[in-house]
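Listed below, chain by chain, are the residues.
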Amino acid sequence: MFYKSTSLKPFFLFFFCLISLFSKKISAQEHEEKTFNPHHQIGISINHVHVFEGRDEEGNRETLTLPAWGIDYTYQFHEKWAIGLHTDFIMEKYKVEKVYASEEDKETVERSYPIAPALMGIYKPNEHWSFLLGFGGEFAKEEDFFLTRAGVEYGYELPKGWEIFGTASYDFKWNAYDSWGIGLGIAKNFGGK
């Protein structure tokens, strides 16, 4: 009996050393992950913007799906917080009804290649998810609208400071109409990460 228990001692000693080694390595990795450095990020995305209040040539209601590009600048100043300027460029002309206008101001308006920048506050609960809220404007030659934008993004880090991300956003254009968009993009981190 004594012989059997002593033969297991080297196994237990090896097992204990192995666990100790892994726990130190995991502890070191956690310490490395917790160090945060502020950094900048520039991203580009290809999007589809959806407008439910669209109008066709005869004035009938039509849901529009419009191609768009997104160019985003973000400065992450804290592990969980960032600010940014996120700009959407819709690549088509279209007609839309101003559903949020007062009854006497309701009309169908044409929009020619609008540009919609927004100053965004960004909360990052972890390294992948971002929740965004901000204000800006939609600018076109016909008329400009103030907007509120809310969004969510999921990013996946690649080597050398690159990241791919998916995005979904909703724009509420005051006294005008709403739109929502989805897209895929790529971004590059600069400085400190």
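Residues numbered from 1 in each chain as written. Predicted model: local features only at pLDDT ≥ 70, side-chain atom pairs only at ≥ 80, totals over all residues. Heavy atoms only, no water.

Trainee: Please explain the overall build of the protein chain as it appears in this structure.
Mentor: The number of helices and strands found in the protein chain is one helix and ten strands. The helix and strand sequence of the protein chain, counted from the amino end, reads α-β-β-β-β-β-β-β-β-β-β. When each of the 193 residues of the protein chain is scored for burial, the buried share is 34%. For the protein chain, long-range pairs separated by at least 24 residues make up 51% of all intrachain contacts whose partners lie at least 6 apart in sequence. With the model as given, the accessible surface of the protein chain reaches about 12,400 Å², and the carbon-plus-sulfur share is 65%. (Helix = DSSP H or I, 4+ residues; strand = E, 2+ residues; numbered from the N terminus. Buried < 20%, exposed > 50% of the residue type's maximum accessible area, 1.4 Å probe, protein only. Contact = heavy atoms within 4.5 Å. Areas by Shrake-Rupley, 256 points an atom, 1.4 Å probe, with all protein chains shown as cover.)

Trainee: I tried to follow the packing of aromatic side chains on my own but got confused; where do I start?
Mentor: The description of two aromatic rings rests on the distance between their centres and on the angle between their planes. Taken as a whole, this structure holds eight aromatic pairs when the rule is applied. Relative to Trp174, the ring of Phe146 has its centre 6.1 Å away and its plane inclined at 50°; by these criteria the two rings are tilted. In this pair, Phe146 sits in strand S8 (residues 144-157) while Trp174 sits in the loop between strand S9 (162-173) and strand S10 (178-190), placing the two residues 28 residues apart along the sequence. The partly exposed category is assigned to Phe146, whose relative accessible area is 43%. The partly exposed category is assigned to Trp174, whose relative accessible area is 41%. (Phe/Tyr/Trp six-rings, centres within 6.5 Å; stacked < 30°, edge-to-face > 60°.)

Trainee: Please clarify how unusual backbone geometry should be interpreted in this entry.
Mentor: Note on backbone geometry: most residues besides glycine have negative phi, and most peptide bonds are trans. Backbone geometry places Lys160, a non-glycine residue, at a positive phi of 60°. For Lys160, the position within the fold is in the loop between S8 and S9. In this structure, Asn175 is a non-glycine residue whose phi angle is positive, near 55°. Position of Asn175 relative to the elements: it lies in the loop between S9 and S10. We classify Asn175 as exposed; its relative accessible area is 54%.

Trainee: What is the right way to look at the side chain of Asp171 in this model?
Mentor: Relative to the helices and strands, Asp171 is located in strand S9. Using a relative accessible area of 5% as the deciding quantity, one classes Asp171 as buried. Beyond its immediate chain neighbours, meaning those up to four positions away, Asp171 contacts Asp88, Leu147, Thr148, Arg149, Tyr177, Asp178 and Ser179.

Trainee: Help me understand the pattern of salt bridges, please; the structure alone is not making it clear to me.
Mentor: Where charged atoms of side chains with opposite charge meet at close range, the side chains can pair. The final tally for this structure, using the stated rule, is eight salt bridges. Here Lys173 ties to Glu138 by a salt bridge, and the two come within 3.5 Å at their closest N and O atoms. One end of the pair, Lys173, is in strand S9; the other, Glu138, is in strand S7 (residues 129-139), with 35 residues separating them in the sequence. By relative accessible area, Lys173 is classed as buried at 1%. Look at Glu138 and you get buried, because its relative accessible area is 1%. For Asp171, the salt bridge goes to Arg149, with nearest N and O atoms at 2.7 Å. In this pair, Asp171 sits in strand S9 while Arg149 sits in strand S8, placing the two residues 22 residues apart along the sequence. For the pair shown, Asp171 and Arg149 are each scored as buried. Overlapping salt bridges, with partners in common, bring together Asp88, Arg149 and Asp171 in one network. (Salt bridge = Lys/Arg side-chain N within 4 Å of Asp/Glu carboxyl O.)

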